[in-house]
Amino acid sequence: MSSWGSLLLRIGDKCSEYSSSSDFKDHIETCYGALRRELEHSSTDILPVGLLNLEDEDFVKKIIENTQTSFQDALDSGSCDRIRILMRFLTVLMCSKVIQPVSLVVVFETLLSSAATTVDDEKGNTSWQPRADFYVTCILSCLPWGGAELVEQVPEEIERVLVGIQAYLSIRRHTSDSGLSFFEDDESGGDLVAKDFLEDLWERIQVLSSNGWKVESVPRPHLSFEAQLVAGKSHEFGPISCPEQPDLPSIISAVACGKQKHDAELKYPQRTRRLNIFPASKTEDLQPIDRFVVEEYLLDVLLFFNGCRKECASFMVGLPVPFRYEYLLAETIFSQLLLLPQPPFKPIYYTLVIMDLCKALPGAFPAVVAGAVRALFDKIADLDMECRTRLILWFSHHLSNFQFIWPWEEWAYVLDLPKWAPQRVFVQEVLEREVRLSYWDKIKQSIENAPTLEELLPPKGGPNFKYGGEVGREKTEQDALSAELSNKVKGRQTAREIIVWIEENIYPVHGLEVTLSVVVQTLLDIGSKSFTHLITVLERYGQVIAKICPDQDKQVMLIAEVSSYWKNNAQMTAIAIDRMMGYRLVSNLAIVRWVFSPENIEQFHTSDRPWEILRNAVSKTYNRITDLRKEISSLKKGVISAEEAAYKAKADLAAAESKLTLVEGEPVLGENPARLKHLKTEAEKTKEEEVTIRDSLEAKEALLARALDENEVLFLSLYNNFSNVLMERLPDASRAGTLQELKTNHGDSMALDLEESSAMEVDDENGRPKKSRSNGGRTTNIYNVREKEQWCLSTLGYVKAFSRQYASEIWPHIEKLDVEVLTEDAHPLFRKAVYSGLRR
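This report concerns the structure included in the present document. (Residues numbered from 1 in each chain as written. Predicted model: local features only at pLDDT ≥ 70, side-chain atom pairs only at ≥ 80, totals over all residues. Heavy atoms only, no water.)

1. Quick word on the packing of helix α21 (residues 477-490) against helix α22 (residues 495-526)
Following both chains from N to C, one finds α21 and α22 inclined at 75°, their axes separated by 9 Å at the closest point. It follows that α21 is roughly perpendicular to α22 by the angle criterion. Between α21 and α22, the contacting residues are E477, Q478, L481, S482, E484, L485, S486, K488 and V489 on the first element and I498, W501, I506, H510, V514, V518, V519, T522, L523 and I526 on the second. Its residues assigned to classes, the contact of α21 with α22 shows 11 nonpolar, 5 polar and 3 charged. (Axes fitted to C-alpha atoms, helices over the stretch in contact; angles between N-to-C directions. Helix = DSSP H or I, 4+ residues; strand = E, 2+ residues; numbered from the N terminus. Parallel < 35°, antiparallel > 145°, perpendicular 65-115°, else oblique. Contact = heavy atoms within 4.5 Å. Nonpolar A, V, L, I, M, F, W, Y, C, P; charged D, E, K, R; others polar.)

Structural data, given as structure tokens:
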């Protein structure tokens, strides 16, 4: 990076570039001097600051014109981050007297007018309210940075904007977080009372206005240069226009509007949702607007330093605010890690940032992170299933970077809870993931302060090979066949030779089940040493498995055999099935059928094992479709380029053929023969390339059409299975119409033991047990939800999670799902879970 670039980036930081000074004014003057010296040589690279406007008005005018072009492009493409950042940039330019306040107000009013039109029931398209809300949020988020200047310089105009926002808020629809909230709170109307994000921000801005627009968390360096800045010329900002709102569906229906709303929420997502896990006392010293500003800082740092984890952590701990914010920092990062439907970046990014923050603030942040974990653990029963899975994956990975140290004795009481209690399952799954990241003995050692938790560790044993000839067991004919097959593989016999041997020697004598078991178990055992061994076996002998298991019924048997062989290792079970699907040895439909087999259904509420395999299968199907769409998009661009090249080559050939040239003094039609031959060859070549790319495009489009049809069948199968197993176990809707009623539903056959009931002291108001057991000085919960109800709660949670994660693929098939699965006969709680996941 250039010296001036480094200076610009480090403004406000206590660093070597500024001789460890922390004075804003010194920083700006030093940076300004460097920029002024470089202006002549690097004008295209230098970003503007207000003081440059005093030296070179024309240069700054070009910068403003470029900003206007960039801002219009961002609006047209719906680039949320660029729109938001450029609006804040315009606001601070206004504060530095570079653009006129009226110009900024015009930008605000343009966005506000578009928003108001969108939510108008008569003229607008209310399905696109997410875009309208985003525009208004952008306006309000500029005010902490420039509200004071706008009120001082253009009071009537900014008041007009604020009145317009108030009017907008009165006609828009309150946004429900249903389906996207972190906790499974009962949807009994509480969400309608709570403020949504925009309403909350508006309230914070009103408090800021009543406090005279004073914001401690926003530096105001331009005030130190006010006497100089007023001498500069304020420029006008060119007009901008918002994109036209999408047309209403040709046939107005709940489904058509739902699809549009889903598209709008995908394109204009809410940037964050607050995860209030710490007591208010931890952040009560903050002014309402300061919380918003610090969140903006933190989210921007995460955005701009994605991929630079150490820089990210460094900037996060050095925000320009006069108060401590460790708890808000933790809440903000966890809110992004757990954000639904998906976090902005890969979860590993947040894992690394949290790890670096713990190292950067060793005396403060590790304790705050531990507090966040404890707070989430206490509420784990209400945490969304997708969030629960992400928390397990993060926590196990986090501990692996800190020698797996955790005060497990605090959670030893979970062994007293039933095996289906969410806290117990959480500890069990964290330990299982830790074993994957280390080894069994190491994790056993890490829980030595709570040795009883060893009961929750996964089995230590390795593969469960049926034909290994254990000591003391008499060898069977199947053992001999397995040994013979193993020798053939070690002797490098081909897949074809082994297939012939199976068809002649095993299948006719022993039948399908024994054949499948011997072959699959033996091949898995040969590939059991490592992931590489497994891949090698599947690549060389996958045809053997495919020959034995050509249809869905046999593929279900194959998956069951894999699960049996790796019953002591959930990770290898998932990897083997995933690889087999990758080699098309098992279909996604076969995996769905196996997941919903009786032995797996019984684990739905106590283990992540079947869910991991189901997630992998659906994700792989989704990724195939995504890859095909990317390839088709690339090929379409290639077709356009090939058409242009072919057209140019043809035009060059035609021009050359029609040209008169002199040959021995006589005019002859056409250029010299050598050049004509070259042009003909080029024209033929470009035409062939165009045809080839078109053929590839047609083939990929056919593959995509087939994949989408298969996807429809997959989701129909998945939701039919969900509906069937839930109908068998959910109580009648009259007894359990809400999740809260389901939690407290015990039924006549599940009456509480009197002694246990008296010990629980159930809180009648919310159905959750009062804290009533002491564990080494720590009071703990007794979990009073029965197993059948917990099974239903967990499964419904996964229904919602799958619906939410794959909503974009489900919406195109929603009409068929409505007809075949989400009928009036389906249980209301099942329908509600699907609708909630789809935000329907």
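2. Here we look at the side chain of E184
Tracing the backbone shows E184 in the loop between α8 (155-171) and α9 (190-193). A polar contact is formed between the side chain of E184 and the side chain of K800, at a distance of 2.9 Å. Not counting chain neighbours up to four residues away, the residues in contact with E184 comprise D382, L383, D384, L739, K743, G797 and K800. (Polar contact = N/O pair within 3.5 Å; in protein donor to acceptor, adjacent residues only side chain to side chain.)

3. Section: the packing of aromatic side chains
Counting across every chain of the model gives 36 aromatic pairs. Look at F305 and F315: their rings are 4.7 Å apart centre to centre, the planes differ by 20°, and that puts the pair in the stacked class. Placement of the pair is F305 in the loop between α13 (288-304) and α14 (309-316) and F315 in helix α14, with a sequence separation of 10 residues. The pair F305 / F315 is uniform in exposure class, with both members buried. Considering the side-chain rings of Y565 and W566, the 5.0 Å spacing of their centres and the 90° angle between planes classify their relative orientation as edge-to-face. Exposure remark for W566: the relative accessible area of 4% places this residue in the buried category. (Phe/Tyr/Trp six-rings, centres within 6.5 Å; stacked < 30°, edge-to-face > 60°. Buried < 20%, exposed > 50% of the residue type's maximum accessible area, 1.4 Å probe, protein only.)

4. Points about helix α4 (residues 57-77)
Between its first and last C-alpha atoms α4 spans 30 Å; for 21 residues at 1.5 Å apiece the expected length is 30 Å, and the two agree. Positive backbone phi, approximately 70°, marks G78, located one or two places after α4. (Expected span 1.5 Å × (residues − 1).)

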